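Below are the chains, spelled out letter by letter.
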Amino acid sequence: MPETHYSFCRFCHASCAIKVTVEDGRAVSVIGDKDNPVYHGYTCAKGRALPEQHANPERLMHSMKRQSDGSHAAIPVAQAMDEIAAKVQDILDRHGPRSVALYTGTFSFPYPASTPLAAAWLQAMGSPMHFTSATIDQPGKMVAPALLGRWEGGPHPFDDSDTWLLVGANPTISKSIGIPCTNPARHLHQATQRGMKLIIIDPRRTEAARAAHVHLQPRPGEDPTILAGMIRVILDENRVDQAFIDENVQGMEALRKAVAPFTPEYVERRADVPAHDLITAARTFADAERGCANVGTGPNMAPRGNLTEYLCLVLATICGRWLREGERIPNPGVLMAPAFARAQASPPVPGWGFGEKMRVRGLSDTACGLPTAALADEILLPGDGQVKALFSLGGNPMAAWPDQVKTHAAMEALELNVTVDIKMSATAKLADYVIAPKLSLETEGMTLPCESLTPYVMGYPVPYAQYTPAIVEAPEGSDLIEDWEFFYGLGQRMGHQLRVAAAYSWGPDNEAPEITELDMVQKPSNDDLFDYLTRGSRIPLAEVKQYPRGQIFEDSDAVVRPRDPSCEARLDVANSVMVDELAEVSTEPLERDDEYRFRLVSRRLPDVHNSAGRDIPKLVRKYPYNPAFMHESDLRALEVEPGEVVAIHSRYGSILGVVEIENDIRPGVISMPHAFGDAPGDENDARVRQIGSNTGKLSSVEQEFDPYTGIPRMSAIPVNVERYPETVPS
Ligand SMILES: Nc1nc2c(c(=O)[nH]1)N[C@H]1C(S)=C(S)[C@@H](COP(=O)(O)OP(=O)(O)OC[C@H]3O[C@@H](n4cnc5c(=O)[nH]c(N)nc54)[C@H](O)[C@@H]3O)O[C@H]1N2
Ligand SMILES: Nc1nc2c(c(=O)[nH]1)N[C@H]1C(S)=C(S)[C@@H](COP(=O)(O)OP(=O)(O)OC[C@H]3O[C@@H](n4cnc5c(=O)[nH]c(N)nc54)[C@H](O)[C@@H]3O)O[C@H]1N2
Ligand code: SF4
Ligand SMILES: [Mo]
């Protein structure tokens, strides 16, 4: 008899509530839970493919060990842990704690205990080397608020705003950035119905741009220019919130000077957007009552991502787009500690330059964590502190890190390369050990990770939470563990005491999170760990568990509290480093198009999640590869037809791409998804129609990188394109 279970999807960060039909212990179908109060039944193709993902013949059912001939063979996971623990101990003894590094990627996120336990293990060994995908994603998102200072009351929410600015983000597809993740298309539709004026800055007419009041479709990489131009218009025309500025802001005069060169005419010449559209965008944003500005991955990966993020915060600040005393806090936290927001600024703090120093390019720890773009060099560069062992958790360096050729060399140079992955990813194929984990429906889950994104307008717009028990058992005959159990197992074998901290909240008044010492003899359960992680939460986890289909836990008292009379902090709209960068922008020569005629920009495909999902036939029926989407006028000029192969050359590398017409893209721009292809080499190039190619090869971590976070130019990359003369097998 089929049974129905309620759960939530963990294929992406959005955590949609689902209804799973289980037959003979296997998930056979997944649909959205129509009665859910925030998702209203929404799912995407990936969520509906969870049964296929769980039963995928490509899925690892056993951990794997690399053999001397480079092939992999199954190994019992307990034995793998014994061997790995001994090898790590040996590396530690010879090279010290800094030689062991951890990289946590996309799929460490949906499993609440994964990163805390992996980080606890690293910490117990005394290694500071924890890297995450955040510094090759949107590092400016954490760096910019450090430089500006945080408004403790939080930003205006999307759902009652009358304008919204999205800069290089496409939330209707990505379910991320700028619009709440609970079916962003629905939030957008409702907003435009009630008259929201949406402003989009994107070289592609995105799905979101179709609903826009103004769409600026610029030359990629010119966002600082455009935003400085908008700020100049708003200041010149005195459309600012002067009362807010007088009380809470510093640096106005320096800001005025810094944006002075960015006249609408200069912006038009440089970014190639009509001056009158720029002015309309500025006036639309400033004249609205409520609304915010958000930046996505595109501009964060283009040059000066910190500056773009910073200028968006400046725009919101001079227009006073922050919640004030007495206003309702849309999400005061559920599984996190309650947010005691006040109507005041927290002072700026350093964005970089503290903590562990990298041995290359003068990089250090940042507000966004250690710079992942430095990790390949940390592995390759001999000397004291060289990284000898890398543990990747739910990440895929070979697919996702910039500078793929260097990444490949680093993977091969490691003494010990371990990855926790559900499949033989491009990284797993080079790893010494691949630990095979349980998949989402086989484990308990809670929406704490999604909730933690709330301050970035990516999480929940209301105090919502869901807990799910495991819905199915791991497949019969498999030898799978949870990601966290692997790190716990290593800790046990190496004699370490692991500790986890409760999830914190954003309120400045909150006490330090409670630390729990784990029982290192009697292994805790997922539920134990979830309890430790939610200590101090506004709603006890036990109460959330009583609503297996998810619940909104309103708090009518959650309003922004008055400013503390002793508070003197102000938001700084003229951080000196940002002002200097802006001066550089205004004086540098315009990038010319004669050597590299095209700009390659990043984008996402709806049916795959970075490099995940590409092994599920149902999800790659349309595109098993990553097409190079271009405007048809460009195809005509290059004399190539859709479906033909082109060679794409940047200053640092070359890839092949299968072209596809998309007239929503600005001519002169190639829009191409990342994390496709496999290791560099002719054999994999010849499979471009089967596996696509890796745009990471077009970036160099040593050139054109952000001097603080190390992220190199991964979007708006100058490239040349030519028809590929050789035949590529279909
Ligand atoms: N050129 C270019 N590079 C980029 C980007 C870009 O736009 N352009 N985007 C960047 C961004 S935003 C990010 S976040 C990074 C992503 O960087 P990564 O996180 O390193 O890369 P992913 O491809 O997301 O890797 C996810 C891995 O997790 C595995 N996996 C899937 N499900 C599970 C699971 O349930 N458990 C475990 N343990 N593993 C699982 C997948 O098989 C895959 O190998 O890439 C960045 N790189
Ligand atoms: N379906 C699906 N969903 C995903 C993912 C996925 O792979 N597939 N990945 C997840 C991850 S890891 C992340 S971080 C989020 C990212 O979420 P988003 O940032 O919303 O991701 P994209 O859809 O790539 O949107 C980036 C936009 O930036 C534009 N762009 C590129 N370069 C520039 C530039 O220089 N200036 C401007 N103004 N725009 C530019 C692109 O045209 C594109 O529309 O999505 C997440 N969600
Ligand atoms: S949007 Fe994300 S969470 Fe929702 S069904 Fe799709 S993959 Fe799952
Ligand atoms: Mo990301």
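About the cut-offs
Residues numbered from 1 in each chain as written. Chains lettered and ligands numbered in written order. Predicted model: local features only at pLDDT ≥ 70, side-chain atom pairs only at ≥ 80, totals over all residues. Heavy atoms only, no water. Near = heavy atom within 4 Å. Nonpolar A, V, L, I, M, F, W, Y, C, P; charged D, E, K, R; others polar. Phe/Tyr/Trp six-rings, centres within 6.5 Å; stacked < 30°, edge-to-face > 60°. Helix = DSSP H or I, 4+ residues; strand = E, 2+ residues; numbered from the N terminus. Buried < 20%, exposed > 50% of the residue type's maximum accessible area, 1.4 Å probe, protein only. Domains from an automatic or database assignment. Contact = heavy atoms within 4.5 Å. Buried area = accessible area lost by both parts, 1.4 Å probe. Salt bridge = Lys/Arg side-chain N within 4 Å of Asp/Glu carboxyl O. Polar contact = N/O pair within 3.5 Å; in protein donor to acceptor, adjacent residues only side chain to side chain. Pairing = 2+ DSSP bridges. Axes fitted to C-alpha atoms, helices over the stretch in contact; angles between N-to-C directions. Left-handed = near helix turned anticlockwise from the far one by under 90°. Parallel < 35°, antiparallel > 145°, perpendicular 65-115°, else oblique.

In this section: the site of ligand 3. Inspection of the region around ligand 3 gives C9, F11, C12, A14, S15, C16, T43, C44, K46, G47 and K175 as its neighbouring residues. Along the lines of polarity and charge, the residues of the shell around ligand 3 split into six nonpolar, three polar and two charged.

Two aromatic rings are characterised by how far apart their centres lie and by the angle between their planes. Scanning the model with the defined rule gives 19 aromatic pairs in all. Plain terms: the ring middles of Y39 and Y464 are 5.9 Å apart, the flat faces sit at 75° to each other, and that makes the pair edge-to-face. Within this pair, whereas Y39 is found in the loop between β3 (26-32) and α1 (45-48), its partner Y464 is found in strand β21 (residues 464-465), the two being separated by 425 residues in sequence. With a relative accessible area of 0%, Y39 lands in the buried category. The exposure class of Y464 is buried, given its relative accessible area of 0%. Members of the aromatic cluster, each reached through a chain of ring pairs, are W121, F391, F486 and F487.

Now for the domain arrangement of the protein chain. You can read the domains of the protein chain as domain 1 (155-322 + 571-579) and domain 2 (593-723). For domain 1 and domain 2, the distance between their C-alpha centroids amounts to 27 Å. The interface of domain 1 with domain 2 comprises 21 residues on the first partner and 23 residues on the second. It is R204, P220 and M301 in domain 1 that bury the most area against domain 2; as a group they hold 34% of the surface buried on that side. Here domain 1 is connected to domain 2 by four salt bridges. Two residues, D272 and R666, come together in a salt bridge whose shortest N-O distance is 2.8 Å. On the surface where domain 1 and domain 2 come into contact, there are 11 residue pairs in polar contact (both at pLDDT 80 or more). Looking at the side of domain 1 that touches domain 2, the element that brings in the most residues is helix α13 (residues 297-301), giving four residues. Taken together, the residues of the side of domain 1 that touches domain 2 break down into nine nonpolar, seven polar and five charged.

Attention now moves to the sheet that holds strand β13 (residues 293-295). Pairing within the open sheet is parallel, and its four strands lie in the order β11-β10-β9-β13. Of all the strands in the sheet, just β11 (214-216) and β13 have a single pairing partner and so form its edges. The sheet shows a mean angle of 10° between the axes of neighbouring strands, direction not considered. Pairing of strand β9 (residues 163-167) with strand β10 (residues 197-201) involves five bridges; the strand directions are parallel. Of the residues in β10, the one forming a bridge with W164 is L198.

The next thing to look at is the pairing of strand β4 (residues 63-66). In this sheet, strand β5 (residues 72-75) lies alongside β4 in antiparallel orientation, the contact comprising four bridges. Across the sheet, the residue bridging to M64 is A74, located in β5. The antiparallel pairing of β4 with β5 creates a hairpin that spans five residues between the two strands, and G70 there sits at a positive phi of about 90°.

Moving on: the packing of helix α8 (residues 223-236) against helix α12 (residues 275-287). A pair of packed helices can be characterised by two numbers: the angle between their axes and the separation between those axes. Remark: α8 packs on α12, axes separated minimally by 9 Å, with the N-to-C direction vectors making an angle of 65°. α12 is crossed by α8, and the crossing has right-handed handedness. The residues of α12 that touch α8, namely those facing I226, G229, M230, V233 and I234, are L278, I279, A281, A282, F285 and A286. Among the residues forming the contact of α8 with α12, the class breakdown is 10 nonpolar, one polar and no charged.

Now for the sheet that holds β3. Taking strand neighbours across the sheet as the criterion, the three strands line up as β1-β2-β3 in an open arrangement whose pairing is antiparallel. In this open sheet, the two edge strands, each paired with only one partner strand, are β1 (3-8) and β3. The average angle at which neighbouring strand axes cross in this sheet is 30°, direction not considered. Where β1 meets strand β2 (residues 17-23), six bridges bridge the pair, whose relative direction is antiparallel. By the bridge assignment for β2, E3 is matched with V22.

The next point concerns the packing of helix α5 (residues 140-148) against helix α14 (residues 305-318). At a closest axis distance of 8 Å, the pairing of α5 and α14 adopts a crossing angle of 50°. Considered as vectors, α5 and α14 are oriented oblique to each other. At the point where α5 passes α14, the crossing takes the right-handed sense. Within the contact between the two elements, α5 uses G140, K141, V143, A144, P145, L147 and L148 and α14 uses G305, N306, E309, Y310, L313, V314 and T317. Of the residues that constitute the contact of α5 with α14, the class distribution is eight nonpolar, four polar and two charged.

Time to look at the pattern of salt bridges. Overall, the coordinates contain 47 salt bridges when judged by the stated rule. Across the pair R723 and E644 runs a salt bridge, and its minimum N-O distance is 3.4 Å. Of this pair, R723 sits in strand β32 (residues 717-723) while E644 sits in the loop between α23 (632-638) and β29 (645-649); the two residues are 79 residues apart in sequence, bridging distant segments of the chain. Judged by relative accessible area, which is 25%, E644 ranks as partly exposed. Within this structure, E222, R270, R304, E584 and E588 form a network of salt bridges that share partners.

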